[in-house]
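Report on the structure
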Amino acid sequence: MIEYPTTFTFVMPCYNSDKYIKQGIESILSINYPKDKFCTIVVDDCSTDRTVSIIKEGKFKNTRLIELSKNLGPANARNIGKSKASTDYVIFIDTETKLDKNILQNYAEAAKKFPKAVFCGKIEFYGHKNLNTEIIERRNIFYMRQGSDSDLLWAATNNLCVPKEVYKNYSFNPQFSIAASEDIDFCFRIRDEGYKILYNNKSIAYHKSFDSFKSAIARMFRYGKGTSIFVKVQPKKNQFAWEFLGRVIILLSFILMLFLAYKSNRWEYLLWPFFHYMFSTYYLFYGNYAKAKVREKGVLFVILTSIYENFLTWIYQLGVIFGNIKNKQSPFLNINPKYISEGGHGGLGLIWFIDDIIIAFFFFSLLFF
């Protein structure tokens, strides 16, 4: 048997997770790796359901439960969990995550090549898949485009492997009281200190699909509020949200066009530019991935998905505005695109804004032909 000297601790924050906590811990225990080389720390963030009872009744091996007396949020829960670790690496995961059996072997091999790097493993989804899952997969597309060992701008904490040198010296910002953007902030700060975040597509975690329309809306609004906290704690990495202003113009122009089409009874000019905008946005932005989806599921599916994604983006931006107002800062601040998207730059939002102005003009031009 191959010797793997590298040791790992899984840190799993949980809150009201009685549906998934047992399968999450059992997934860790089933990993193909020496059992004395890894353990699990579960930090319960003052759950009100049966989460704690299930953990205690399960008597899971190499699993430590830390019960918090009050709800502190996932950032604090992760900090408390990692403070109790002493292994070579800490891996942050979620309760609804199932792990590939060879995940630790693959992380151990990566650690040999890059001993000081932070690693982001691959995320795939299990369970019922629908438009929500489709959109999440597309928003993670820059991970998919990366080969293994590629340097990422940031990574989510549902499969993040952090070396001891990092997790002992850097913590999640406790100002993030909700599960949103605390991972981006953490990654930005360690990157600023010179650490690389490398994508490892062999270390796979399977995340539960998001299959509820209501939960998707709540999640996007929460992400928006998380962004507003990021804007507050990382003032040098934000800018005016030009892209949102562009979306407002598109919406207002479409409403006005709808009114004019009704008055002139020229409905045939209304649907085509709208679908054209949605479809071209999807097609141009997601490139080969979108082309494959067109071939697989058809143009109508791509258009409907794009419309739905635009709707969720509105919900996200409303969350940003709500959070910014609550934090007493400009409502129209957002993260500078150059920090969160591959190939992004500071002028990207302004380019989107100008593009939306052109599209709005195109809308109106149709009414005069």
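The following refers to the structure shown. (Residues numbered from 1 in each chain as written. Predicted model: local features only at pLDDT ≥ 70, side-chain atom pairs only at ≥ 80, totals over all residues. Heavy atoms only, no water.)

Comments concerning the overall build of the protein chain
- Helix and strand counts for the protein chain stand at 13 helices and 11 strands.
- Counting across all 369 residues of the protein chain, residues that qualify as buried make up 51%.
- Sequence-distant contacts, at least 24 apart, represent 80% of the contacts inside the protein chain between residues at least 6 apart.
- Split by element, the accessible area of the protein chain, about 17700 Å² in all, is 60% carbon and sulfur. (Helix = DSSP H or I, 4+ residues; strand = E, 2+ residues; numbered from the N terminus. Buried < 20%, exposed > 50% of the residue type's maximum accessible area, 1.4 Å probe, protein only. Contact = heavy atoms within 4.5 Å. Areas by Shrake-Rupley, 256 points an atom, 1.4 Å probe, with all protein chains shown as cover.)

Some remarks on the nonpolar core
- Counting 30 residues, the largest nonpolar core has Phe-8, Phe-10, Ile-31 and Leu-104 as its most contacted members.
- Residue assignment for this core shows that the elements contributing at least two residues are β1 (8–14), α1 (21–29), β2 (38–44), α2 (51–58), β4 (89–92), α4 (103–113) and β9 (197–208).
- The biggest single contributor to this core is α4, with six residues.
- Sequence-distant contacts of Phe-8, defined by excluding residues within four places in its chain, comprise Tyr-33, Lys-37, Phe-38, Cys-39, Thr-87, Tyr-89, Ile-91, Leu-104, Tyr-107, Ala-108 and Cys-161.
- In this structure, Val-90, Val-166, Ile-184 and Tyr-195 belong to the second largest nonpolar core, which totals 28 residues. (Core = buried A, V, L, I, M, F, W, Y, C linked by side-chain atoms within 4.5 Å.)

Description of the environment of Arg-191
- Secondary-structure assignment places Arg-191 in helix α8 (residues 182–192).
- Arg-191 sits in the partly exposed class, given a relative accessible area of 29%.
- Through-space distance from the C-alpha of Arg-191 to that of Val-118 is 9.6 Å; in sequence the pair is 73 residues apart.
- Not counting residues up to four positions away in its chain, the partners in contact with Arg-191 are Asp-151, Leu-152, Leu-153 and Ile-197.
- A polar contact is formed between the side chain of Arg-191 and the backbone oxygen of Leu-152, at a distance of 2.6 Å. (Polar contact = N/O pair within 3.5 Å; in protein donor to acceptor, adjacent residues only side chain to side chain.)

Some thoughts on the packing of aromatic side chains
- Scanning all chains against the criterion turns up 12 aromatic pairs.
- When the ring of Phe-92 is compared with that of Phe-172, the centres are 5.2 Å apart and the planes differ by 85 degrees; the resulting orientation is edge-to-face. Pair noted here: Phe-92 is in strand β4 and Phe-172 is in the loop between α7 (164–167) and α8, with a separation of 80 residues, a long-range link. The pair Phe-92 / Phe-172 is uniform in exposure class, with both members buried.
- Between Phe-188 and Phe-230 the ring centres are 5.3 Å apart and the planes differ by 75 degrees, which places this aromatic pair in the edge-to-face class. Note that Phe-188 is positioned in helix α8 and Phe-230 in helix α9 (residues 213–233), a separation of 42 residues in sequence.
- In this structure an aromatic cluster arises from ring pairing among Phe-8, Phe-10, Tyr-33, Phe-38, Tyr-89, Tyr-107 and Phe-119.
- For Arg-78, the ring lying beneath its charged end belongs to Phe-172, and the centroid distance is 5.4 Å. (Phe/Tyr/Trp six-rings, centres within 6.5 Å; stacked < 30°, edge-to-face > 60°. Lys NZ or Arg CZ within 6 Å of the ring centre and 35° of its normal.)

A word on α1
- Three or more residues of α1 are buried, namely Ile-21, Gly-24, Ile-25, Ser-27 and Ile-28. One face of α1 carries all of its buried residues, which in axial projection span an arc of 155 degrees.
- Tucked into the core, α1 has its buried residues touching β1, β2, α2, β3 (63–67) and β5 (97–99). (Arc of directions from axis to C-beta.)

Considerations on the pairing of β3
- Where β2 meets β3, five bridges bridge the pair, whose relative direction is parallel. Each residue of the ladder has a partner; that of Val-42, found in β3, is Leu-65.
- With α2 bridging β2 and its parallel neighbour β3, the resulting β-α-β unit is right-handed. (Pairing = 2+ DSSP bridges. Right-handed = clockwise from strand over helix to strand, strands pointing away.)

Considerations on the pattern of salt bridges
- One pass over the full model with this rule turns up six salt bridges.
- The salt bridge partner of Lys-122 is Glu-124, with a shortest N-O separation of 3.3 Å.
- Overall, Lys-122 belongs to the partly exposed group, its relative accessible area being 27%.
- You can call Glu-124 partly exposed: its relative accessible area is 28%. (Salt bridge = Lys/Arg side-chain N within 4 Å of Asp/Glu carboxyl O.)

Some remarks on the state of the cysteines
- This model, assessed by the stated rule, comprises zero disulfides.
- Cys-120 provides the cysteine sulfur closest to Cys-187, a residue in no disulfide bond, and the two sulfurs are 8.0 Å apart. (Disulfide = S-S within 2.5 Å.)

Examining the side chain of Asn-324
- In this fold, Asn-324 is placed in helix α12 (residues 299–326).
- Setting aside anything within four residues of it in sequence, one finds Asn-324 in contact with Ser-228, Val-231, Gln-329, Ser-330, Pro-331, Phe-332 and Leu-333.

Some details on unusual backbone geometry
- Of note, the phi angle at Lys-59 is positive, near 45 degrees, even though the residue is not glycine.
- Tracing the backbone through its elements, the reader meets Lys-59 in the loop between α2 and β3.
- Under the relative-accessibility criterion, Lys-59 is labelled exposed at 71%.
- Of note in the backbone geometry, Ser-181 takes a positive phi value of approximately 75 degrees without being a glycine.
- The topology assignment puts Ser-181 in the loop between α7 and α8.

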